[in-house]
Every structure is written in C-alpha cells, then in structure tokens.
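What the coordinates show
Each chain, written out:
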Amino acid sequence: MRYISTRGEAPALGFEDVLLTGLATDGGLYVPESLPHFSLEEIRSWRGLPYAELAFNVMYPFVEDAIPADDFRIMLNETYSGFAHQSVAPLVQLDSNEWVMELFRGPTLAFKDFALQLLGRLLDYVLEKRKQHVVIMGATSGDTGSAAIEGCRRCEHVDIFILHPYQRVSEVQRRQMTTVQGDNIHNIAVKGNFDDCQRMVKESFGDQSFLGGKTQLAAVNSINWARIMAQIVYYFQASLALGGPDRSMAFSVPTGNFGDIFAGYLAKKMGLPISQLVIATNRNDILHRFMSGNRYEQQQLEHTLSPSMDIMVSSNFERLLFDLHGRDGVAVKDLLENAAKGPVSIEDYRWKAARKLFDSDAVDDKATCDTIREIYAKNEYLLDPHTAIGVRAARNCRRDETVPMITLGTAHPAKFPDAIVESGLSVKPQLPPHMADLFEREERYTVLDNDLAEVQGFLSKHWKNA
Ligand SMILES: *Cc1c(COP(=O)(O)O)cnc(C)c1O
C-alpha cells in the first residue's frame, strides 16, 4: 500500500515512512492511494471475533508491506488486552435504537488510547528494524499528552517530551501525564500558556540542529495516518454488534480535529454500511458552519467545557476535502491557501455530495450541561461533556429512527469533573479501579522558563543516548 499527499506534490511513501512522518513536504497529509474493500459476506464472517482479531482484519491491508502478519497480531493482542473491558469498546443503550460506544476503557480513559497504544508499538517495531531512535516532542493542554506518554512508555527506541503549560492543566490531566514512570518519559511544565508550548514545538521541528544530528524529532499528533487507521476498527465492531453489516448504522462523533469521524467515513468506503455521520462540535464550530452553509471560515478560539474539542481549524478535514475534489491535490492546495486568508466555499455539487453522508450540530456549554443532566435523570448514566455533545447532536440530527444511532463516547466522565459540577448534578464521577490511586502516585516533571533555548537544552541533554 502506498500513501500519497493531499496536496499532490510530495513523494508517495510506504507505511513505515508515513508512520515516522508528520506533514508531507508539500504541507499536505498522507492518505492511502487506494482503500481495501470488504464484501458484506466477508464483514459478516467477522461477527463475534475478539477485538484484536477484528482489528487485524480491518488494518492488515494498510501495513502488510512493512509488518509480517504474525508480528502484527502480537502487537494488536498486546495493545487491546490493556483495555479494562472484555469487549474493549462496549455499547451502552440509552433509548430504543440509541447507543453510546464507550471508547474510554483504555489506560488514560479517552478514545485516543485506541490509536496511541498501538502507535507506540508500531513505532518501536519499525525503529528496531531500522536501528533508529526518535524523540517525540509534543505540546498538550490535556488529553493527547497523557495518551501519548502511556503509548510510548514501553518503547526502547523512543524518548518522549511533552510540554504543558505550568499550572494551567487540570490536576487529573497533569497527574495522568506526570505519574507515568519510565526513563524515556519527560514531562516539562513551561511557565507560559498552551500557545507558547505549541510554538516551541513548532520551532523545534523547523530547526532540529539542537539535537546535534544524533536523533530526530517525530510527531504523534492527530494527523498521523496510523492514528486514523486504528480508529476505523471500532466502527466495524459497533456495527457487527448491532446487526451489521445487514443493516446500516448512524454514528454521532464529538469532533475536534476530524480524525475520529474521518475514520468512520473510511469504514464506509471500505464496505461497512453507514447511512449517516453526525459531526458534533462545541462552540468552536467551523465544521458545523461549513456543513450548514458551505462557508469555511476561521474564527476566534473559545474555551468551553469540552476542551479536547477546542480548535480553530480541523486539520484532518483536509483529507475529506481531497476526496470531495476528486483527489485533485492542486485544487486542495489552492483552497486551503485561500482559506488561510479568509472565508472560502467549495462548488455546490461537491458540498452537496458531502451533505449526503454528513450532518452537523454545534452544542454550547448550556446544552452540554442540560444533556448531562437529562441523561443522568433518565438513565442514571453519567456522560462526559464531549460525549454529551455527541448525544445531543445525534438527537438533533437524526434522520431515521429505525437506524441504530451510535454516539462515540470519547472520554470517561471522571476526566472532566468540572462539567458535571456545572450541570448541577451532585454526583461525583469515580475514577475506575486501575486509576483510583492517581492522587497518591508520585509525580515527575520539570518546570522550565518560557524560553526556547532552555527547553531545547533540556531535550538535548536528557534523551536516552545523549
Ligand atoms: C481528541 C478528542 C476529541 C476530538 O477528536 P478528533 O479526532 O480530534 O475529532 C473528542 N473528545 C475527546 C475526549 C478527545 O480527547
């Protein structure tokens, strides 16, 4: 399988290189040149398989040039046996034909574990084969940092440095990062804000000379193809559990960078009957504005109760635009260069093609809290604010009551206690047993000034073979 850039000018790459690469050299994102397609009969034959085996069937075509089947199977078994539920991604019923798929049973209680637990293993495997080492550098205001750290903690060929703004992430989120023990794990609290952290990461990628040429930086952010790939699997799992592929499904997806929902779009293209995908956003609603009015326009960032969806642009949306433009990289490049300067639209027939599958809704903090309260009152089930947005949007956008509607449950409610308090409920979400002692665990992090040279100096001194 070869991978090509959405902007049409970077060289095509194989899986190994795509795994180790962030943006393509032309500024685009890598996508498979062609997708595998499964017949209904084949999908049907996967009913009842353990998650790791289903994952093998769905993902192997993407990696087969780089990884022997048996090695990939072992990797998947290790990855998904670390999830605290037999079925890995259990379904909870809210109403007739309405479900939440709990994607938060992994080590850091958010769906990002599905991809990052696998990504760490894939990276180490490929680096071992190539006798290489990488330094992962990233900035986080919350979820991604802890999931990336957990994903890399057993890696022999990876050091990971995660920057977070000092005293500006919630205690649960900080502790999830700083209590993971490992010589290759380095948490840095920067005396600045999230943008300062992000800028330092960006500048370090731009000029890596501070590493002395002895290792190189790698990124595990949401544009990494391997992350998208791992997220395709649970759409198949949910569908098979509810009578697919012999009936079609609708999914509602709490959306930020458009990675998770793009995986659902790919599942459909690979043969899974999906009749509707709902893009559920918070007040940072660039995608909802595009889907409802064909106008793609950046606005100011707003801080909401669902911080993991606080974005101004959704980077993975470029991958959908590429398909909507008949995979014409030049057209995508022009469009996005214009979008950086002001509002843009796409041709009406292309927009209508997107609207056939996608609906959207933007849910503000008040409606988020209302939904948390309503679902708790009716079901005694506590939603985290991101999932609550998904449930609300699912109800507002539903096209057909006979089609099962599945909202992706992207985080455990105990990760976002503020939203529960805000919603007026007096219940306190409990951390699950494997995390119950989080507040007693020893923390390790280094506080550094908001200074690029200081941060880079720390990296160059502290990676394993420095
Ligand atoms: C990252 C995240 C999202 C958004 O997912 P995207 O793939 O960026 O659209 C939603 N909810 C939670 C809890 C997240 O951590």
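Below is a short write-up of the structure.

Conventions adopted
Residues numbered from 1 in each chain as written. Predicted model: local features only at pLDDT ≥ 70, side-chain atom pairs only at ≥ 80, totals over all residues. Heavy atoms only, no water. Near = heavy atom within 4 Å. Polar contact = N/O pair within 3.5 Å; in protein donor to acceptor, adjacent residues only side chain to side chain. Areas by Shrake-Rupley, 256 points an atom, 1.4 Å probe, with all protein chains shown as cover. Nonpolar A, V, L, I, M, F, W, Y, C, P; charged D, E, K, R; others polar. Pairing = 2+ DSSP bridges. Helix = DSSP H or I, 4+ residues; strand = E, 2+ residues; numbered from the N terminus. Axes fitted to C-alpha atoms, helices over the stretch in contact; angles between N-to-C directions. Contact = heavy atoms within 4.5 Å. Parallel < 35°, antiparallel > 145°, perpendicular 65-115°, else oblique. Left-handed = near helix turned anticlockwise from the far one by under 90°. Buried < 20%, exposed > 50% of the residue type's maximum accessible area, 1.4 Å probe, protein only. Core = buried A, V, L, I, M, F, W, Y, C linked by side-chain atoms within 4.5 Å.

**Let's talk about the site of the ligand**
Looking at the ligand, there are 15 residues lining it, with Lys 112, Asp 143, Gly 256, Asn 257 and Asp 260 nearest. At a separation of 3.2 Å, an oxygen atom of the ligand approaches a polar backbone atom of Gly 259. Its free accessible area being 380 Å², the ligand has 96% of it covered by the protein chains. The class makeup of the residues in the shell around the ligand is five nonpolar, seven polar and three charged.

**Concerning the sheet that holds strand β4 (residues 98–102)**
Across the sheet, six strands lie side by side as β3-β4-β12-β9-β10-β11; this open sheet has mixed pairing. Here the strands that pair on one side only, and so sit at the sheet edges, are β3 (91–95) and β11 (358–362). Strand-to-strand twist across the sheet, computed as the mean angle between neighbouring axes with direction ignored, equals 25°. Where helix α11 (residues 286–293) meets the sheet, it contacts β10 (274–281) and β11, and its direction lies at approximately 130° from that of β11.

**What to know about the packing of helix α9 (residues 225–241) against helix α10 (residues 259–269)**
Following both chains from N to C, one finds α9 and α10 inclined at 60°, their axes separated by 8 Å at the closest point. In terms of their interaxial angle, α9 and α10 are classed as oblique. Note on packing geometry: the crossing formed by α9 with α10 is right-handed. Every residue of α10 that contacts α9 at Trp 225, Ile 228, Gln 231, Ile 232, Tyr 234, Tyr 235 and Phe 236 is listed here: Gly 259, Asp 260, Ile 261, Phe 262, Ala 263, Gly 264, Leu 266 and Ala 267. Of the residues in the contact of α9 with α10, the class split is eleven nonpolar, three polar and one charged.

**A look at the environment of Arg 44**
By secondary structure assignment, the location of Arg 44 is in helix α2 (residues 40–44). Sequence separation between Arg 44 and Tyr 125 is 81 residues; the distance between their C-alpha atoms is 31 Å. If we ignore the near neighbours within four places in the chain, the residues touching Arg 44 are Pro 245 and Asp 246.

**Points about the pairing of strand β7 (residues 185–190)**
With six of its six residues buried, β7 lies for the most part within the structure. By the alternation rule, side chains of β7 split into Ile 185, Asn 187 and Ala 189 and His 186, Ile 188 and Val 190, which are all buried. Pairing of strand β6 (residues 158–165) with β7, which is carried by six bridges, proceeds in the parallel orientation. Bridge pairing in β7 places Leu 163 opposite Ile 188.

**Considerations on unusual backbone geometry**
Residues other than glycine predominantly adopt negative phi, and peptide bonds predominantly adopt the trans conformation. The omega torsion across Gly 244 and Pro 245 is 0°, close enough to zero to call that bond cis. Even without a glycine there, the phi angle at Arg 327 is positive, about 60°. You can see Arg 327 is positioned in the loop between α12 (317–324) and α13 (329–339).

**A look at the nonpolar core**
Core analysis: the biggest nonpolar cluster contains 112 residues, and Phe 15, Tyr 235 and Phe 236 have the highest contact counts within it. For this core, the leading source of residues is α9, giving twelve residues. Tyr 235 has contacts with Phe 251, Val 253, Asp 260, Ile 261, Ala 263, Gly 264, Ala 267, Leu 272, Ile 274, Leu 277 and Leu 408, leaving out every residue within four places of it along the chain. Formed by 17 residues, the second largest nonpolar core is a distinct cluster that contains Met 137, Phe 210, Val 455 and Trp 463.

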